[in-house]
Amino acid sequence: MAIKKKTLLKVIILGDSGVGKTSLMQQFVNGKFSHQYKATIGADFLTKELTIDDKTVTMQIWDTAGQERFQSLGVAFYRGADCCVLVYDVTNQKSFDNISSWKDEFLIQANVKDPENFPFVIIGNKVDVDESKKIVTQKKAQQYAVNLGNLPIFQTSAKEAINIDQAFDVIARNALQQEENEEFNGDFDDAININLESENQGCAC
Amino acid sequence: MGHHSLQAKHSFSNSSTVSLPAERLSHLVVPSTLTANYNKSAVSKGEEEEESFHFQQNEQSNQIYSDNATATVAAVTGHLTIPKSTSRQKSLSSSFNLSVIDLYGSPNSQEQDQEQGEEGEGLSDDYEEEEPQQQQDRKPSIAQPQQSEPQINKSEYDRYGFRKQTRSVTQRQYDTWFQNKYQPHAIRRKRKWIQLFSKAGLATPDTEGLKQVRFPVKSEKLKRFVRKGIPAEWRGEAWWWFAKGNDVLQEGLYDELVVRSGNFKGKDLEVIERDLNRTFPDNLHFKSQEQGVEPEMIQSLRRVLVAFALYQPSIGYCQSLNFIVGLLLLFMSEERAFWMLVIITGRLLPGLHEMNLEGVNVSQGVLMLGLKEYVPSMFKKIMNISFDQESLKDDGENGDGYEYLRRIPPVMLTTSSWFMSVFIGSLPVETTLRVWDCLFYEDSVFMLKISLSLFKLIETQITASASSAASEESDIDEMEIFSLIQNYPKTLIDPSTLFDVIFTSRNQFNGLSQDDLVRCRQFVAEKRQTASKKNKNKSKSGGTDDLKVSRRLLANEDLWSDELYGFRSKSGAGSSIVRWNKDLSERVKRRMKR
């Protein structure tokens, strides 16, 4: 049985259909890649236990459907997210252009208290492809991430497992910080994570 | 672009200017005595090819079947043929055996296995008459290695061409179950079905030369038969019959739409294109057997989805339709698959695939009410993990205790795919097909019944898990519930695990009728509508579109006046009946009339 009141980090992965959201999640959680992923309907989630600076946390990753109309189902589960990952496909300009819409959509639906400081992480996926197929250059993307509020950005390949752990490490740290901030601000959601102020996981009651 | 040999060339030889695909029904069946031959022709450029295709129109098979009452197990496992479907293809009357896998298991399966490794050569040779140019382009590649699967080992695939092994089920589990349990079941049921047809004085759907397929009239007995499974090779005909396909079919329209598709431009096209190869990557029929050659199934899938987007612009293309069409195409022609999609998205799952997916929210609201009534412990758990104090405050504003209908709990995101994809991907294949059998026979209320049955099973799992932890149920946390709802159904390889729940009469929800469901949908739609009116200016996505769909769902006035939110218990005790606020409904009605 899991230890109660452990820190739960909720991470939402958004981005256009086919950019590789499922693959990223699978690669990070299970260390696998497959050509056989099906289109995601609604949402799937996986969890992974992580240790961040001696602190054990459980990351709950939500993989979503990319088609626009599925956003209307997102209202409920965006809430309480600690970090939002925005994914585009380096071979698909449109998926890159849509990054800011995904960000806005998230902020509206998640009802984030402090939108300015909410942690987003941008991921440009499929960097394993042939150079000639890459449409969104790293330079362009980095500039864009700066303009969007100096957001962290990673170039990854879920297929070749490039940069996945690095990206998710930043995601986890950002999520943890967000979680702690919310705690500090007296968030109503007290079902989880009651003793973040103490370093170890002992009971604070 | 190209073809492979899942379709026989005969079907194509007279194809018209519109390149429509061949008859599809027949590709499921392989006479056991022919399996080896067939398989060779399907996967290799062997000399037996001609011979095996000829052989498949064998007369013997039909004799065995017309003399059905005494059919032996051997006959059942052996020569099954499949009827034609659309009139367009009537002339191509022969039934080809196009599956790589035999339906009822074959004594030759050992031989099949030995034959692996011969694929990779000239998969599309069957089409030389139709597309000589492409044929020239193709070089016979000798066991060309493919990226992930250099060889196709047929024993790894089930009788529909799906990979037996999934993330939740091992191949060994599958084989053990299928050989020891399900195959005998299927053979037994097939025999019973033949007797049923015989008693009803009807020719079975696979009778040679049959002009009009007919199923026995609906009865409790037939319903029970359907619940125990329709013979796989009759499914296409049965679904079409029970869903009343002929009532919606407009002859020629599909072909017309396919022609018009050529000019279709739109956002949907791109999404469709991206999903084609993400539909059934684990199914042989959807898999490219040769580099650069697009499987016939993928082409069919594209045509149906694009034609549907043209035909039904209020839906266009919605992800999950690809799965529905993909499964239909394994059992019927393109044209029928198209019209079945019209029926499924329109009548059976109204609003579920519309632009704003309001029908999904309504269906999930209905499921929540169903849980509240019939699986209350699960309802409580979901409420506990879904709503914090903040939400309860919101509820206070509306003050009716139905906040969970307006703001569907996150966990229902998982169950929403049960409905949108009609359980494809959520349940194992054979179990999914059994649900489909009943859906067309019993109408959409069956979706609710099966969902509640799943929750009954999940409830048992949770109880087991909680007691093993020797602690209170509150220890089952959010993630465990999420993960059970998401993953447990995928392990239900044996349909009877699930159908036993449905068959258990003490589960009150088995008495639910289609009318109950319709009423409940209306209730939820109304509840949601009051919310969306309120929020109209608040949220950009909760606006008028939601309202429109809700209103459509409310359209049926006489049902609307019923004061139950659905769910009348058949026992008549009325104890479980929950009444909703009649005043409120009156108010809304008045407002809507204005």
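An unreviewed UniProt entry annotates chain B as Rab-GAP TBC domain-containing protein of Wickerhamomyces pijperi.

UniProt's Sequence similarities (unreviewed entry) comment on chain A is quoted here verbatim: "Belongs to the small GTPase superfamily. Rab family."

1. Details of the nonpolar core
Membership of the largest hydrophobic core comes to 162 residues, with the highest contact counts inside it found for A:Phe106, B:Trp193, B:Trp239, B:Leu371, B:Trp436, B:Phe440 and B:Phe455. Broken down by element, the residue count for this core peaks at eleven residues, all from helix α22 (residues 445-468) of chain B. Residues within four places of B:Leu371 in sequence aside, it is in contact with B:Pro376, B:Met378, B:Phe379, B:Ile382, B:Met412, B:Leu452 and B:Phe455.

2. Some remarks on the interface of chain A and chain B
Of the residues lining the interface, 42 residues belong to chain A; the matching set on chain B comes to 56 residues. Counting across the chain A and chain B interface gives three salt bridges. Notably, a salt bridge pairs B:Asp282 with A:Lys38, separated by 3.5 Å at the nearest N-O pair. The interface formed by chain A and chain B contains 15 residue pairs in polar contact (both at pLDDT 80 or more). Ranked by the residues each element gives to the side of chain A that touches chain B, the list is headed by strand β2 (residues 43-52) of chain A, at four residues.

3. Remarks on the pairing of β2(A)
Residue and element names in this part refer to chain A. Sheet analysis places β2 next to strand β3 (residues 55-64), joined by ten bridges and oriented antiparallel. Residue pairing across strands places Glu-49 opposite Thr-58, the latter belonging to β3. Linking β2 to β3, which pair antiparallel, is a turn of two residues; within it Asp-53 sits at a positive phi near 45°.

4. Re the sheet that holds strand β5 (residues 120-125) of chain A
Consider a sheet: its strands pair through backbone hydrogen bonds, and that pairing is either parallel or antiparallel. Residue and element names in this part refer to chain A. Spatially, β2-β3-β1-β4-β5-β6 is the arrangement adopted by the six strands of the open sheet, whose pairing is mixed. The outermost strands of the open sheet, each flanked by one partner alone, are β2 and β6 (153-155). Here the strands of the sheet are splayed against their neighbours by 25° on average, with no regard to which way each runs. Both strand β1 (residues 7-15) and β3 contribute to a ladder of seven bridges, which runs parallel. Directly across from Leu-8, in β3, lies its bridge partner Thr-58. Packed on one face of the sheet, helix α4 (residues 99-110) meets β1, β4 (83-89) and β5 and runs near 155° to β4.

5. Some remarks on the packing of helix α9 (residues 235-242) of chain B against helix α15 (residues 334-348) of chain B
Each pair of packed helices gets described by two things: the angle between the helix axes and the distance between those axes. Residue and element names in this part refer to chain B. Look at α9 against α15: their axes get within 11 Å of each other, and the N-to-C directions meet at 40°. Taken together, α9 and α15 sit at an angle that is classed as oblique. The crossing of α9 and α15 is left-handed. Only Arg-336, Trp-339 and Met-340 of α15 make contact with α9, whose side of the interface consists of Glu-237, Trp-239 and Trp-240. Partitioning the contact of α9 with α15 into residue classes produces four nonpolar, no polar and two charged.

About the thresholds
Residues numbered from 1 in each chain as written. Chains lettered and ligands numbered in written order. Predicted model: local features only at pLDDT ≥ 70, side-chain atom pairs only at ≥ 80, totals over all residues. Heavy atoms only, no water. UniProt positions renumbered as here; feature names shortened; annotations may be inferred. Core = buried A, V, L, I, M, F, W, Y, C linked by side-chain atoms within 4.5 Å. Buried < 20%, exposed > 50% of the residue type's maximum accessible area, 1.4 Å probe, protein only. Helix = DSSP H or I, 4+ residues; strand = E, 2+ residues; numbered from the N terminus. Contact = heavy atoms within 4.5 Å. Salt bridge = Lys/Arg side-chain N within 4 Å of Asp/Glu carboxyl O. Polar contact = N/O pair within 3.5 Å; in protein donor to acceptor, adjacent residues only side chain to side chain. Pairing = 2+ DSSP bridges. Axes fitted to C-alpha atoms, helices over the stretch in contact; angles between N-to-C directions. Parallel < 35°, antiparallel > 145°, perpendicular 65-115°, else oblique. Left-handed = near helix turned anticlockwise from the far one by under 90°. Nonpolar A, V, L, I, M, F, W, Y, C, P; charged D, E, K, R; others polar.

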